[in-house]
Amino acid sequence: MANPKSFADRVREARLAQHLGLRELAKLLDIAPSYLSDIEHDRRIPSEEVTKGIARVLKLNFDELMSSAGRFGAEAERYLKKNPTAGALFRKISEGKFEEGELRKLLDQAERLSKQTK
């Protein structure tokens with residue numbers, strides 16, 4: 001299985017692909033260029049709000065970006081705390097070390113169930 005790209009790699013590669021300079025992207029995100037440099041060199045993981053901005057500006061998938069940062073987001077963390085079964089499900093998935101295709105099937109099923117409950 002291929003080694004997934006880090007959060008820093010995803011951000012840096014997307015910025016370069018869009019021909020944005022570090023200072024230019026930092027200005028669009030309203031953050032210091034030094035902070036963005038730290039993000040791109042794996043020295044810091046941004047807040048959920050900054051990650052949303054990065055995803056929006058660089059046209060990256062927010063959920064995948066959050067996952068690559070090792071974060072779930074405040075709403076998901078609250079949900080896991082209130083619903084022990086969700087935590088147990090996550091642990092089972094983690095213990096199972098499923099392949100990408102299996103995980104995609106589970107995600108698709110969860111998205112279908114989510115649409116049914118709305």
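Refer to the structure above for everything that follows.
Residues numbered from 1 in each chain as written. Predicted model: local features only at pLDDT ≥ 70, side-chain atom pairs only at ≥ 80, totals over all residues. Heavy atoms only, no water.

**Side note on the overall build of the protein**
Counting its secondary structure elements, the protein contains eight helices and zero strands. Walking the protein from its N terminus toward its C terminus, one meets helices and strands in the order α-α-α-α-α-α-α-α. Relative to its 118 residues, the protein shows a buried fraction of 25%. When contacts within the protein are restricted to residue pairs at least 6 apart in sequence, long-range pairs at least 24 apart make up 50% of them. In the form shown here, the protein has an accessible surface area of approximately 8800 Å², with 53% of it arising from carbon and sulfur atoms. (Helix = DSSP H or I, 4+ residues; strand = E, 2+ residues; numbered from the N terminus. Buried < 20%, exposed > 50% of the residue type's maximum accessible area, 1.4 Å probe, protein only. Contact = heavy atoms within 4.5 Å. Areas by Shrake-Rupley, 256 points an atom, 1.4 Å probe, with all protein chains shown as cover.)

**Topic: the packing of aromatic side chains**
According to the stated counting rule, one finds one aromatic pair in the structure shown. Taken together, a centroid distance of 5.3 Å and an interplanar angle of 90 degrees make the contact between F72 and F90 edge-to-face. Placement of the pair is F72 in the loop between α5 (62-68) and α6 (74-82) and F90 in helix α7 (residues 84-96), with a sequence separation of 18 residues. Taking relative accessible area as the criterion, F72 reaches 45% and is therefore assigned partly exposed. (Phe/Tyr/Trp six-rings, centres within 6.5 Å; stacked < 30°, edge-to-face > 60°.)

**A short note on the nonpolar core**
Counting residues in each nonpolar core, the largest one holds 18 residues, and the members touching the most others are F7, V11, L25, I31, I39, I54 and L58. Taken together, the elements giving at least two residues each to this core come down to α1 (7-17), α2 (22-29), α3 (33-40) and α4 (48-58). When residues in this core are grouped by element, the largest group, five residues, is from α4. L25 has contacts with R15, L20, L36, V57 and L58, leaving out every residue within four places of it along the chain. (Core = buried A, V, L, I, M, F, W, Y, C linked by side-chain atoms within 4.5 Å.)

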